[in-house]
Amino acid sequence: MAIISIGISDPDDSNVYLVTGDRNVLVDTGLARDPSRLISRIRSALNGSDLDMLVLTHCHADHVGGLDAVVREFGCKAYAHPEDAARLREGDSEYILDRMFGFRLGKCDVGDLPDGHVIDTGDHRLRVVHTPGHTRGSICLYDEATCALISGDTLFAGGVGRTDFPGGSRSDMERSLNSLRRFDIKGLYPGHGIHVEHDGNDYLAEGLSMFGGVII
Ligand SMILES: [Zn+2]
């Protein structure tokens, strides 16, 4: 039972996690300027197993740049929340921010992953939690088996995500962070920076304090 950090190979890469079990799920791809490095890291983390699914925490280019390479290499399907999946299918550069990172992603074949859906890997049960604020279709994945939260760019181990990109909303972010309070969060696996294996709830409280405290 594991959530493995694949590691970043470029400062612009998001974190990339492999959630293992009977089915293996990759969460985000990083910017992947050099896709072959990403693929070989995933292969070594898979240790001979197949990759069954790619889940994107949101549609920003630094999280989805390796989408095409991963889907082609492993033959799996990519999914995102319907709000961000639609932007990826359209290839909406203004929203995806690919030009900001110096490339064009183009239109991507991404399926819809709705709020409340549970991805069962056998070892992990990842519940999709819609947490708009950073983008309209940002999600967190709460692992009911280990009380871990894969938080994308919603919550970091020290801070919260930006809300000033297209589709971002400070009030949505505050509501989303408050909605995460219903979970007992131990491990926290954010889209950038370090991950921690304990005290995720404390980082959530710290994040909420940036909005002037908790709303009951
Ligand atoms: Zn982002």
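For the structure itself, look to the data block above.
First things first, this report covers the structure right here in the doc. Computed from a predicted structure; not experimentally measured. (Residues numbered from 1 in each chain as written. Predicted model: local features only at pLDDT ≥ 70, side-chain atom pairs only at ≥ 80, totals over all residues.)

1. So, the overall build of the protein
Heads up, the condition is: Helix and strand labels come from DSSP, where a helix needs a run of H or I of at least four residues and a strand needs a run of E of at least two; each type is numbered from the N terminus. Atoms considered for the radius of gyration are the C-alpha atoms alone. The globule rule reads 2.2 Å times the number of residues to the power 0.38. Exposure classification rests on a simple neighbour count of other C-beta atoms within 10 Å of a residue's own: a residue reaching 20 or more is buried, one at 12 or fewer is exposed, and one in between is partly exposed. C-beta atoms are placed from the backbone. Any residue pair is listed as a contact if its two C-beta atoms, each placed from the backbone, are within 7 Å.
Per the secondary structure count, the protein includes 7 helices and 13 strands. Its C-alpha atoms give the protein a radius of gyration of 16 Å, within 12% of the compact-globule value 17 Å for 216 residues. Going through the 216 residues of the protein one by one, you find that 45% of them count as buried. For the protein, long-range pairs separated by at least 24 residues make up 61% of all intrachain contacts whose partners lie at least 6 apart in sequence.

2. Some thoughts on the pairing of strand β9 (residues 139–143)
Threshold: One requirement defines pairing of two strands: DSSP has to find at least two bridges between them.
The buried fraction of β9 is high, at 5 of 5 residues. Both strand β8 (residues 125–130) and β9 contribute to a ladder of 5 bridges, which runs antiparallel. Bridged to Val128 within β9 is Leu141. The pairing of β9 with strand β10 (residues 148–152) spans 3 bridges and is antiparallel. The residue of β10 that forms the bridge with Leu141 is Ile150.

3. Considerations on the sheet that holds strand β2 (residues 17–19)
What counts, and what does not: Axis angles are defined between N-to-C directions and span 0 to 180 degrees, where every axis is a line fitted to C-alpha atoms and, for a helix, only to the segment in contact.
With respect to topology, 6 strands assemble into an open sheet ordered β1-β2-β3-β4-β5-β6, the strand pairing being mixed. Of all the strands in the sheet, the pair left with one neighbour each is β1 (3–5) and β6 (110–112). Sheet twist, expressed as the mean angle between neighbouring strand axes with direction ignored, is 30 degrees. Relative to β2, β1 is paired through 3 bridges, and the arrangement is antiparallel.

4. A few points about helix α7 (residues 200–209)
Our working definition: Taking the helix axis as origin, the arc is that swept by the directions to the C-beta atoms.
Considered for burial, the residues of α7 that qualify are Gly200, Tyr203, Leu204 and Gly207. Buried residues of α7, viewed axially, fall in a sector of 105 degrees; they line one side. On its buried side, α7 packs onto β10, β11 (155–156), β12 (159–160), α6 (170–179) and β13 (188–190).

5. Observations concerning α6
Listing the buried residues of α6 in full gives Met173, Glu174, Ser176 and Leu177. Mapping the buried residues of α6 onto a view down its axis gives an arc of 165 degrees, with all of them on the same face. Contacts from the buried residues of α6 go to β11, β12 and α7.

6. A look at the nonpolar core
For clarity, the cut-off: Each nonpolar core reported here comprises buried Ala, Val, Leu, Ile, Met, Phe, Trp, Tyr and Cys residues connected via C-beta atoms within 7 Å.
Of all hydrophobic cores here, the largest spans 57 residues; its most connected members are Tyr17, Leu26, Val55 and Leu141. Looking at this core element by element, the count peaks at 4 residues for β9. For Leu141, the residues in contact, after removing those within four places along its chain, are Val27, Val55, Leu126, Arg127, Val128 and Ile150.

7. What to know about unusual backbone geometry
Within the chain, Ala32 stands out as a residue other than glycine whose phi angle is a positive 55 degrees. Note that Ala32 resides in the loop between β3 (25–27) and α1 (35–46). Of note, Cys147 is a non-glycine position whose phi angle comes to about 60 degrees, a positive value. As for its placement among the helices and strands, Cys147 is situated in the loop between β9 and β10. When the 15 C-beta atoms within 10 Å are taken as the criterion, Cys147 is described as partly exposed.

8. Structural notes on the sheet that holds β13
Read from one edge of the open sheet, 5 strands run β7-β8-β9-β10-β13, paired in mixed fashion. The open sheet has two edge strands with one neighbour each: β7 (118–120) and β13. Across this sheet, the average inter-strand angle for adjacent strands is 20 degrees, counted without regard to direction. Bridge analysis of β10 against β13 gives 3 bridges, and the strand direction is parallel.

Geometric values such as these leave the question of function open.
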